[in-house]
Amino acid sequence: MDTVPFRTILEQLPVQLAAGRGPDIARVTDLNGLSKYYLDISPYLKDREYWDRNFASTAAWLRPSPDAKGIYGFMSQLTLTAPFVNKTLFEQANVALPGPKATWDDWVRATRQVAQATRVKAAMAWDRSGHRFAGPAISYGAAIFDSRGELTIDEGYATTVRKFVGWNKDGTMLRDVWVGTGGSTYADSLDEFINGNVVMVLSGSWQIGRLQRSIGDAFDWVAVPNPCGTAACSGMPGGAAWVPLKVGHAHKEAAAFLDFLASEPAYEEFTSRTNNIPAHAGLVAKGVSYPDADRAAGDALKAISATAPSVAPAAYRLQGYKYNRAIMLPTVTRVTQAIVGELTVDEAIARIRSDMQDALRQARQ
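All values reported here derive from a predicted model rather than from experimental measurement. (Residues numbered from 1 in each chain as written. Predicted model: local features only at pLDDT ≥ 70, side-chain atom pairs only at ≥ 80, totals over all residues. Heavy atoms only, no water.)

A.B. asks: Help me get a handle on the domain arrangement of the chain, residues and values and all.
C.D. replies: Each domain of the chain was delimited in the assignment, giving domain 1 (6-78 + 238-297) and domain 2 (80-236 + 314-363). In this structure, domain 1 and domain 2 have C-alpha centres spaced 27 Å apart. Listed per partner, the contact involves 22 residues of domain 1 and 19 residues of domain 2. Counting the surface lost from both domain 1 and domain 2, the interface buries some 1,600 Å², and carbon and sulfur atoms represent 52% of this. The largest share of the area that domain 1 buries against domain 2 comes from Asn32, Trp61 and Gly238, three residues that together contribute 25% of it. (Domains from an automatic or database assignment. Contact = heavy atoms within 4.5 Å. Buried area = accessible area lost by both parts, 1.4 Å probe.)

Okay, here's the thing in structure tokens:
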């Protein structure tokens, strides 16, 4: 087992696979984007019906084409994006937490009050990620796909760009998260939250274990529902998947290992130990205990799990779309340029659209 940084999976694994090299199994987050390299292990499985019954809701994310019927791996967990809030700062500022149907504007007003009263660096920060950006965009009415099923930058998406750039320029957002890194490189906002520098961050369920370990009893924190826009109150689903790869030389053994990992006892233990939300239908119905989770982490897992029904259909569709990086990566690059003044907001929106179209053309060649 080679444990590598997330950036290695994003940047180096695709190059290896394109060159015909790589491991037998990988744990990836670019789910459909790498699907042409996945091995169909269904001929090797002991009980195909078990896989269909428990992983049907996310199986399409891993299939190389809409008409593919094989088994190409499974989600090791389901993740959902959501905000985390420093509850102690709200209490110190004597400001009430907005309610479950609060809008992004409601949260901006509340966290600004808290930041001003407690003199922290900024009210908010979002992970530097097109995936994180997509949830608010869909909430503000971004359709993501047009009537032909093609990616589109519509007024809902443009509205979110304008709002986010404005929040960075007026000091609501901690600019360093997005402007501190170049290109489309990912950067998370958790260190700033853990250090008490921001009131609220937009990240996701996969960070709960890290928050538990790093914050301890330094302050009280909570997960809250995704704020609403004009159309929805949606986050983005996602997660990592164990996938078998065609370049490997031990197909039968890889399938046997994945069959073991996907078994209910093994999957339940993995989910329980890692404080994650299961993508296994049987365990979703049964429930998972988290003995190593403290009160804050346990409450956060329950709170984020409860937001699943609010995730918009467009969010699930985008997550499973083979070319989703064509919209996500240009968003990060061009929005950052608008924040620092290299582009106007309208120019940034136009560049996202043209970059996206160029990326789609190249990907389909």
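A.B. asks: Could you give an account of the state of the cysteines, with specific residues and numbers?
C.D. replies: Formally, a disulfide is one covalent bond, and it connects the sulfur atom of one cysteine to the sulfur atom of another. Inspection of every chain in the model, using the stated rule, returns one disulfide. Here Cys228 engages in a disulfide with Cys233; their sulfurs sit 1.9 Å apart. With the S-S dihedral at roughly 90°, the linkage between Cys228 and Cys233 falls on the right-handed side. Among the residues examined, Cys233 registers a relative accessible area of 18% and is labelled buried. (Disulfide = S-S within 2.5 Å. Buried < 20%, exposed > 50% of the residue type's maximum accessible area, 1.4 Å probe, protein only.)

A.B. asks: Lay out unusual backbone geometry in plain terms, naming residues and giving numbers.
C.D. replies: Of note in this structure, Ile144 is not a glycine but carries a positive phi near 70°. Assignment of secondary structure puts Ile144 in the loop between helix H6 (130-139) and helix H7 (155-169). A positive phi angle is found at Asn275, which is not glycine, with a value near 55°. Judged by relative accessible area, Asn275 falls into the buried class, the value being 5%. (Helix = DSSP H or I, 4+ residues; strand = E, 2+ residues; numbered from the N terminus.)

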